Amino acid sequence: MDDSLVIAGKAYDSRLLVGTGKYRDFAETRAAIEASGARIVTVAIRRVNIGQDADQPNLLDVLPPSRYTILPNTAGCYTAEDAVRTLRLARELLDGHALVKLEVLGDAHTLFPNMPETLAAAKTLVAEGFQVMVYCSDDPIMASMLEDIGCVAVMPLASLIGSGMGILNPWNLQIIRDRARVPVLVDAGIGTASDAAVAMELGCDAVLMNTAIAAARDPVRMARAMKLAVEAGREAWLAGRMAKKPYEARPSSPSEGLIGKPA
Amino acid sequence: MDIRLTINGAERRFPPPITVRGLVGEMGIEGKRIAIERNGEIVPRSRYDETTLADGDRLEVVVAVGGG
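Described below are features of the structure shown in this document. This one's a predicted model, so the numbers in the text were calculated from it and none came from an experiment. All chains use their own residue numbering, which begins from 1 and follows the written sequence. Labels are handed out in written order, letters beginning with A for the chains and numbers beginning with 1 for the ligands. At least 70 in pLDDT is required for a residue's local features to be given in this predicted model, at least 80 for side-chain atom pairs to be given and counted, and no such filter applies to totals for whole chains, interfaces and linings, which use all residues. Only hydrogens and water are removed before side-chain values are computed, so all heavy atoms of the structure are retained for them.

What follows covers the overall build of chain A. Secondary structure elements follow DSSP: runs of H or I no shorter than four residues count as helices, runs of E no shorter than two count as strands, and numbering proceeds from the N terminus. Across its full length, chain A holds nine helices and ten strands. Each of the three principal axes of chain A carries a C-alpha extent, and together these read 90 × 40 × 40 Å. Classification of residues uses two cut-offs on accessible area relative to the type maximum, computed with a 1.4 Å probe and protein chains only: under 20% is buried, over 50% is exposed, and between them is partly exposed. Buried positions account for 50% of the 263 residues belonging to chain A. In this analysis, two residues are considered to be in contact whenever any of their non-hydrogen atoms come within 4.5 Å of each other. Long-range contacts, defined here as pairs at least 24 residues apart, represent 65% of the contacts in chain A between residues at least 6 apart. Averaging the locations of the 27 positively and 31 negatively charged side chains of chain A gives two centres separated by 4 Å. In summary, the charge assignment counts Lys and Arg as positive and Asp and Glu as negative, without counting His or the chain termini. By convention, the charge on Lys lies at NZ, on Arg at CZ, on Asp at CG and on Glu at CD.

Given below as structure tokens:
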């Protein structure tokens, strides 16, 4: 059965998106991403380190755009202007590639999104032909506004970026999911496999994570765990869970035919 | 007289004339996957040869790095 994730009209056979930061080296980056099964991987855009060894390997040699969909982000941007400039550079860097991850941060302490700046940047980017996947607060009204602007996916946080605190407000994610007509991805805050499974069981379309894998004791093994968790959560969502019946115990085995009773 | 360019926030001096292609060569990043912004505008790779830099230009030269 085909159960692809479709973003901006393109199908992907993995519902796990992963970041490429915080790994020990490129070998570990490559191995973890391979194990995750991810098709879409995020990268950051940063100034060239002038005077660096010209032979130093480049991330895009390790993760070739021919094999992965590279999703440039605007991590570290605190204004709409900086985010837009960063993604224009990313589009040039990636030969006209339009799919991007927008995030405009509010403060360095919480890395909470600055939603007014995020909305402003989204408007400009959509008008310039970018396909915008947008990191946002878990506020259903904000998510609707971003969708109305023309973002191709909304990506509410589960908890603070890099916190590993898991899904703190499943009800908000549920409301966002119920209303959205574009894919909803949980971005930020995933700590372990069960968090990813819960996100998928809520009906979210995909999960994006970085630190949960990169900061695990064994990142490659955690990448595999996350792949399985996302698949399990998705299957559970599609299967439709049983109703919760808190006051109604029902045995799974027959009540008749027990030994030691009159026939 | 040399022209002053601000490259990734740091001022550097070069004898004119210098194109974006020439600058990329000076920086030792020829052939690398980079992107360049000049005074807030993208310089497409196809125009590195014909874009001559002027005194006071502000340039951002970027690459993709690991990130979430």
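Once you've had a look at it, read on.
Turning to the overall build of chain B, a few remarks are in order. Along its length, chain B carries one helix and five strands. Rg of the C-alpha trace for chain B: 12 Å, near the compact-globule value of 11 Å for 68 residues, within the 12% margin. For chain B, the C-alpha atoms occupy an extent of roughly 45 × 25 × 20 Å along the three principal directions. Here chain B, with 68 residues, has 41% of them falling under the buried criterion. Taking contacts inside chain B between residues at least 6 apart in sequence as the whole, the part at least 24 apart equals 49%. All accessible areas in this document rest on Shrake-Rupley with a 1.4 Å probe, and a residue is counted as covered only by the protein chains that are shown. Working note: accessible area of chain B is about 3,400 Å², and carbon and sulfur atoms make up 46% of it. Of the charged side chains in chain B, 10 are positive and 11 negative, and the gap between their average positions amounts to 4 Å. Each radius of gyration reported is based on C-alpha atoms, and the globular scaling rule is 2.2 Å times the count of residues to the power 0.38.

Stacked, tilted and edge-to-face pairs are distinguished by plane angle, under 30 degrees for stacked and over 60 for edge-to-face with tilted covering the rest, among Phe, Tyr and Trp rings (Trp via its six-membered ring) whose centres lie within 6.5 Å. Per the stated rule, a full pass over the model turns up zero aromatic pairs over all chains. A ring has a charge above it when a Lys NZ or an Arg CZ is no more than 6 Å from the ring centre and no more than 35 degrees off the ring normal. The lysine or arginine in question, R91(A), covers the ring of F130(A), its NZ or CZ lying 3.8 Å from the ring centre.

Residue and element names in this part refer to chain A. In spatial order, the strands read β6-β7-β8; together these three strands make up an open sheet with parallel pairing. Both edges of this open sheet fall to β6 (99-102) and β8 (153-156), since each of them pairs with a single strand only. On average, each strand axis in the sheet is tilted by 20° relative to the strand beside it, whichever way the strands run. Taken together, the four bridges between β6 and strand β7 (residues 131-136) define a ladder with parallel strand orientation. Bridging across to β7, L99 finds its partner in Q131. Axis lines are fitted through C-alpha atoms, for helices just across the contact stretch, and the angle between N-to-C directions can take any value from 0 to 180 degrees. Seen against the sheet, helix α4 (residues 115-127) touches β6 and β7 and runs at an angle of roughly 175° to β7. In short, DSSP must find at least two bridges between two strands for them to pair.

Right, let's get into the pairing of strand β5 (residues 69-72) of chain A. Residues and elements named next belong to chain A. Along β5, one buried face is formed by T69 and L71 and the opposite face, lined by I70 and P72, is buried too. Where strand β4 (residues 40-47) meets β5, four bridges bridge the pair, whose relative direction is parallel. In the strand pairing of β5, I40 is matched with T69.

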